[in-house]
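Chain and residue survey
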Amino acid sequence: VPLPRDRRRKTDVRHYRYNPAWHRVNKGVLNKRIAKAMYVSREFTVLEIQRLAGAPDVSWVHRMVKTLREEGFIRQVGRRVCAHGAGAETIYHIPDRDRFRREVMS
């Protein structure tokens, strides 16, 4: 964000301040594949999305799910037993598919 010009200086110097609200859009290939895998699945778990998108590590999908959940793009709808039988995994759902497609997938 450009700041107003300094009147005390004789030279024409511009000063800038960082805008913390601005952030780069994630345009990575893996992020797009993860978002598309979420979009085509009605209800999904993190492990299912990892398998569908071909993510090398489940932590990548966990990070994306956490961000999308905080922003209201997805929500938790239930839990089920893990495939290995020890523990439970969370089932997610996209409540507004049009908004998800416009804002996340584009």
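Look up a bit, the structure's there.
First, a word on what this report is: a plain description of the structure on this page. (Residues numbered from 1 in each chain as written. Predicted model: local features only at pLDDT ≥ 70, side-chain atom pairs only at ≥ 80, totals over all residues. Heavy atoms only, no water.)

So, about the pattern of salt bridges. All told, the structure shown has 3 salt bridges when counted by the stated rule. As a salt-bridge pair, Glu89 and Arg80 come within 3.5 Å of each other at their nearest N and O atoms. The partner of Arg99 in a salt bridge is Glu103, with the nearest N and O atoms 3.6 Å apart. Taken together, the residues span about one helical turn, with Arg99 and Glu103 both in helix H4 (residues 97–103) at a distance of 4 residues. Assessed through its relative accessible area of 45%, Glu103 is described here as partly exposed. (Salt bridge = Lys/Arg side-chain N within 4 Å of Asp/Glu carboxyl O. Helix = DSSP H or I, 4+ residues; strand = E, 2+ residues; numbered from the N terminus. Buried < 20%, exposed > 50% of the residue type's maximum accessible area, 1.4 Å probe, protein only.)

Here we come to the sheet that holds strand S3 (residues 88–93). One open sheet accounts for 3 strands, arranged S1-S3-S2; its pairing is antiparallel. Every other strand in the sheet has two partners, leaving strand S1 (43–44) and strand S2 (75–81) as the edge strands with one partner each. Bridge count for S2 against S3 is 6 bridges, and the pairing is antiparallel. Residue pairing in the sheet places Gly78 in a bridge with Ile91 of S3. (Pairing = 2+ DSSP bridges.)

What follows concerns helix H2 (residues 46–53). Regarding H2, the residues found buried are Val46, Ile49, Gln50 and Ala53. Looking down the long axis of H2, one finds its buried residues gathered within 105° of arc, a one-sided arrangement. Those residues of H2 that are exposed and aimed more than 90 degrees away from the buried face are Arg51 and Leu52. Contact partners of the buried residues in H2: helix H1 (29–40), S1, helix H3 (58–70) and S3. Phi turns positive one or two residues past the end of H2, at Gly54, with a value near 75°. (Arc of directions from axis to C-beta. Contact = heavy atoms within 4.5 Å.)

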